[in-house]
Each structure stands twice: as structure tokens, then as C-alpha cells.
Amino acid sequence: MKNKLKVLRAMNDWSQADLADRLDVSRQAVNAIETGKHDPSLPLAFRISRLFEMPIEQIFDDSELGS
Amino acid sequence: MAPLEGQPVSADLPGTRTKRTRLYFGLMDLCLIAAALGLADHIASRLLDWHLQPGDSIIYTAFGSVVLFFNFIVPPFLMIGKFMRDEYAEMLWQRSVAILGYAFAFAPLLLLATLVAVNLTNPAAQADGAFVYLFGDVPADWLLITLWMAFLLTWVGIFQFLRWRDAK
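Keep in mind the model is a prediction, meaning the values are calculated, not measured. (Residues numbered from 1 in each chain as written. Chains lettered and ligands numbered in written order. Predicted model: local features only at pLDDT ≥ 70, side-chain atom pairs only at ≥ 80, totals over all residues. Heavy atoms only, no water.)

**Focus: the overall build of chain A**
Item 1. Helix and strand counts for chain A come out as 5 helices and 2 strands.
Item 2. Taken from the N to the C terminus, the helices and strands of chain A come in the order β-α-α-α-α-α-β.
Item 3. A compact globule built from 67 residues would reach a C-alpha radius of gyration of about 11 Å, and chain A, at 11 Å, matches this within 12%.
Item 4. Taken over the C-alpha atoms alone, chain A extends approximately 35 × 20 × 20 Å along its principal axes.
Item 5. Residues counted as buried form 49% of the 67 residues belonging to chain A.
Item 6. Considering only residue pairs separated by 6 or more positions, chain A has 55% of its internal contacts joining residues 24 or more positions apart.
Item 7. Split by element, the accessible area of chain A, about 3500 Å² in all, is 49% carbon and sulfur.
Item 8. For chain A, the separation between the mean place of its 9 positive charges and that of its 11 negative charges on side chains is 4 Å. (Helix = DSSP H or I, 4+ residues; strand = E, 2+ residues; numbered from the N terminus. Rg over C-alpha atoms; globule rule 2.2 N^0.38 Å. Buried < 20%, exposed > 50% of the residue type's maximum accessible area, 1.4 Å probe, protein only. Contact = heavy atoms within 4.5 Å. Areas by Shrake-Rupley, 256 points an atom, 1.4 Å probe, with all protein chains shown as cover. Lys, Arg positive; Asp, Glu negative; His and termini not counted. Charge placed at Lys NZ, Arg CZ, Asp CG, Glu CD.)

**So, a nonpolar patch on the surface**
Residue and element names in this part refer to chain B.
Item 1. Judged by side-chain polarity, Leu30, Ile33, Leu37 and Phe63 come together as a nonpolar surface patch covering roughly 370 Å² of accessible area.
Item 2. Tracing the chain through its elements places Leu30 in helix H1 (residues 16–47).
Item 3. Residue classification places Leu30 among the partly exposed residues on the basis of a relative accessible area of 41%. (Patch = residues over 30% accessible without salt bridge, like charges linked within 9 Å, V, L, I, M, F, W, Y side chains within 5 Å. Salt bridge = Lys/Arg side-chain N within 4 Å of Asp/Glu carboxyl O.)

**Let's talk about unusual backbone geometry**
Item 1. Phi is positive for Asp24 of chain A, close to 60°, though the residue is something other than glycine.
Item 2. Assignment of secondary structure puts Asp24 of chain A in the loop between helix H2 (16–23) and helix H3 (27–34).

**Re the packing of aromatic side chains**
All names here are of chain B.
Item 1. Overall, the coordinates contain 10 aromatic pairs over all chains when judged by the stated rule.
Item 2. A ring pair is formed by Phe72 and Trp148, whose centres lie 4.6 Å apart and whose planes are at 40°; its orientation type is tilted. Taken together, the residues span a long stretch of sequence, with Phe72 in helix H2 (residues 58–80) and Trp148 in helix H6 (residues 140–167) at a distance of 76 residues.
Item 3. Since its relative accessible area comes to 16%, Phe72 is described here as buried. (Phe/Tyr/Trp six-rings, centres within 6.5 Å; stacked < 30°, edge-to-face > 60°.)

**Some points on the pattern of salt bridges**
Item 1. As enumerated under the stated definition, the model contains 5 salt bridges over all chains in all.
Item 2. Put simply, Arg9 of chain A and Glu34 of chain A hold a salt bridge, and the shortest N to O gap is 2.4 Å. A residue pair is termed long-range when its members are at least 10 positions apart, and Arg9 of chain A in helix H1 (residues 5–11) and Glu34 of chain A in helix H3 qualify at 25 residues.
Item 3. The buried category is assigned to Glu34 of chain A, whose relative accessible area is 14%.
Item 4. Of the charged contacts, one joins Arg85 of chain B and Glu90 of chain B as a salt bridge, the two residues approaching to 2.7 Å between their closest N and O atoms.
Item 5. Judged by relative accessible area, which is 4%, Arg85 of chain B ranks as buried.

Right under this line is the structure:
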């Protein structure tokens, strides 16, 4: 799933490790989400949403998944 | 839409889950190295008839103890240590176990096909029993340890390969 995590992280000048610490996941998890190789669980998506104070649908784009 | 409210995210300090998962990945790295070293030593002792025993060398004994610890104690712990995995590590675990399951589902078929091929090409082998012909005078305990080590090495290898591929 496409997402803006990398852009949002860059805007805050955070490294992947910084973001991983804030979300309480591993750096590898952040990398996998950013590259679209892992779709976060709903609880983690909510944590990301709260951290960046943005709605989930503005961070994650599910248009490729179809309806 | 207003920002979502609910559980606060951690702000400064790394969470315990992060530390545990970092340790999990670190132990996985060590297990892969130890599994490769252990398997190489095990095969060398068989094929090259190289039988350096614990006690022959303090260094070998110490090194071997560490390798054995990461071969037989740590991997089973990592296999069941769900509390150490974050959701990404858990996903890697599920994918690696699924691949391992497929491999073990088809491995016996491959073995049986090999036995049939051996029997067809060499009918005399049937008299000795196919497994005896295939494994010769391999001791059962050696075979068990080799299979166990191969199982752990395969699982650790698959897990690490998937992790490496995702990181590319």
C-alpha cells in the first residue's frame, strides 16, 4: 500500500530509527511500511495517524487495492 | 477531520517492544552465523573424518559451546518467543513458517521419488531396504541431530532471507 510515511518523517527530520522508537516498532518495520512491503495493522495505522495528527486516509492510499 | 484521539504514542524513549524486537533480530543474526558454523563443523566431522573432541582444545570447546548454544537453545526460543516480535517480525515469522511448512510437505515426496528412482535403476538395492541403501551406515543419532540442525538452519535462513529481501 502506498503511503506518505517517508515524506512525513522527512518533514519532522526524523530518521527511521527515530520514528520506530516513537511508534514502538523496529526500524525494519518502518522501512518495510515505507517501501510498501508491509501493510501496518489497524492499531499501528492509528498510532501513525495520531503521531502525525492526520487522518489515516491522508497517510495511506488504498486506491490500488480496489473496492 | 480532527486528529484522532486515543492512546498516546510514545514520544521520547524507545519502547520495550522496540528493544525486544531489536534483540530478536540480533539473536537471529547470531543464530544464522552459528547455524552455518555448526552445520559446517558437523558435515566436516562426517565427510573429512575430522573428530576434534571437546577437551582436545580449550578454544574449540569454548567456541563450540557458544555455537551449540546458538544452534540448539536460542532458535527454539526464538521460534516461540512471540513476546519479542513486533508486528513486522511477526509477519516475517508467519511467512518463514509457511514456507517451511510447504518445504516439509513436499520433502517426503522428493525423498520417496528418490527412493523409487534408486530402486528402479538398481534393483539390488531393494534387498537391503531403500532407507538403508540411501543412508548407508549413518548412525541414527547423527541423522537426527543433522535433521534438527538443518531444520533450524532452514527456518533461520528463510527468516533472514525474507528480512534481507524486504530491506533491499
